[in-house]
Amino acid sequence: MILSSIVILTGAGISKESGLDTFRDKNGIWAKVDHRELATPEGFEHDPARVHAFYNQRRRQLRDVQPNAAHHALARLEGAYKGALLLVTQNVDDLHESAGSRKLIHMHGELNAGLCGACGQRCRWKSDMSTHSQCPSCRTVGRMRPDIVWFGEMPYQMDRIYRALGQAELFIAIGTSGNVYPAAQFVEEAAHAGARTVEINLDASENTSHFDEVIRGPATQAVPDFVERLLGA
Ligand code: APR
């Protein structure tokens, strides 16, 4: 089967077997803390030190985890696939790029990046951030925030994502619960453009019914199998 264009959407489930928590599973991140306090502009305004501590802990955790077989399979697909391929991740970890993926959009931002509230510049940021951190561009102290797209904020590169969805012949969603928009709408955008849609997930997601094909199982088994199927086709 020769496909011209593939769009892949990943969520926290693809990184679970690398040791990073998901958000909405029973012992997920939002089961332990209130997302309104730690993942909104209002929460940051109210208690920036607490929000910095939350993201510093998650950024430090990246040093101790590795990409898993699912991340590596997607990087292999990108390298071997002759058509257009775009990987859109909701994840803010760096496991896709560590596995070798390059045609990648972090629509919800990245833990290893900072954003200056004074000049608007984004930058790479690998160490702890605090209310005393200085912007490397404008040198302002105290206005740095994690470069994470919080609830109520516009995700990154949406024009590029919608253009790719409009041309997709295959859309694959991996490890996402379909709870958060606009990502949860991508399957309908792709289907509207005539794409075949596939969900690879451990459990049923909120929008499972929108997919042509549903593959149930852990990402480290289901994703490499699917990639081999695709490359062998
Ligand atoms: N393999 C495949 N899927 C898995 C695995 C696994 N090993 N473990 C869990 N899953 C599935 C769960 O069944 C669930 O459907 O991954 C999904 C994770 O869902 P969420 O925790 O809601 O994560 P996600 O969909 O990425 O959340 C989207 O919400 O909080 C915001 O910005 C945050 O990017 C995040 C967005």
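In this text, all values refer to a predicted model and were calculated from it rather than measured experimentally.

This part covers the nonpolar core. Within the largest apolar cluster, 23 residues are counted, with the highest numbers of intra-cluster contacts made by I8, I172, I174, I200 and V223. The set of elements that each furnish at least two residues to this core consists of β1 (5-10), α6 (69-80), β2 (84-89), β7 (170-174), β8 (196-201) and α10 (219-232). By residue number, the principal contributor to this core is α10, which donates six residues. With near-sequence residues (within four places) excluded, I200 lies in contact with I172, A173, I174, G175, I215, A222, V223 and F226.

Turning next to the packing of aromatic side chains. Using the criterion set out here, one finds eight aromatic pairs in the structure. With a centroid separation of 6.2 Å and an interplanar angle of 45 degrees, the aromatic rings of Y55 and W150 are classed as tilted. Note that Y55 is positioned in helix α5 (residues 48-61) and W150 in the loop between β6 (144-148) and α8 (158-167), a separation of 95 residues in sequence. By relative accessible area, which is 2% here, Y55 ends up buried. Measuring from centroid to centroid gives 6.4 Å for F171 and F211, while their planes differ by 20 degrees, and the two rings are stacked.

In the neighbourhood of the ligand, 23 residues make up the surrounding shell, with F23, R24, W30, T176 and S177 lying closest. At 3.2 Å, a backbone N or O of Q90 approaches an oxygen atom of the ligand. Residue A219 places a main-chain N or O atom 2.9 Å away from a nitrogen atom belonging to the ligand. Burial of the ligand by the surrounding chains reaches 94%, relative to a free accessible area of 730 Å². The class makeup of the residues in the shell around the ligand is eight nonpolar, ten polar and five charged. Both domains that meet at the shell around the ligand, namely domain 1 (1-20 + 67-108 + 155-233) and domain 2 (21-64 + 114-148), each give it at least three residues.

This part takes up the sheet that holds β7. Read across the sheet, six strands follow the order β3-β2-β1-β7-β8-β9 without closing on themselves; strand pairing throughout is parallel. The open sheet has two edge strands with one neighbour each: β3 (104-106) and β9 (213-216). The mean angle between the axes of side-by-side strands here comes to 15 degrees, regardless of whether they run parallel or antiparallel. Two elements, β8 and β9, share four bridges in a ladder whose sense is parallel. Paired with I200 across the strands is I215, a residue of β9. Lying over the sheet, α8 contacts β1, β2, β3 and β7, oriented at roughly 130 degrees with respect to β1.

What counts and what doesn't
- Residues numbered from 1 in each chain as written.
- Predicted model: local features only at pLDDT ≥ 70, side-chain atom pairs only at ≥ 80, totals over all residues.
- Heavy atoms only, no water.
- Core = buried A, V, L, I, M, F, W, Y, C linked by side-chain atoms within 4.5 Å.
- Buried < 20%, exposed > 50% of the residue type's maximum accessible area, 1.4 Å probe, protein only.
- Helix = DSSP H or I, 4+ residues; strand = E, 2+ residues; numbered from the N terminus.
- Contact = heavy atoms within 4.5 Å.
- Phe/Tyr/Trp six-rings, centres within 6.5 Å; stacked < 30°, edge-to-face > 60°.
- Near = heavy atom within 4 Å.
- Polar contact = N/O pair within 3.5 Å; in protein donor to acceptor, adjacent residues only side chain to side chain.
- Areas by Shrake-Rupley, 256 points an atom, 1.4 Å probe, with all protein chains shown as cover.
- Nonpolar A, V, L, I, M, F, W, Y, C, P; charged D, E, K, R; others polar.
- Domains from an automatic or database assignment.
- Pairing = 2+ DSSP bridges.
- Axes fitted to C-alpha atoms, helices over the stretch in contact; angles between N-to-C directions.

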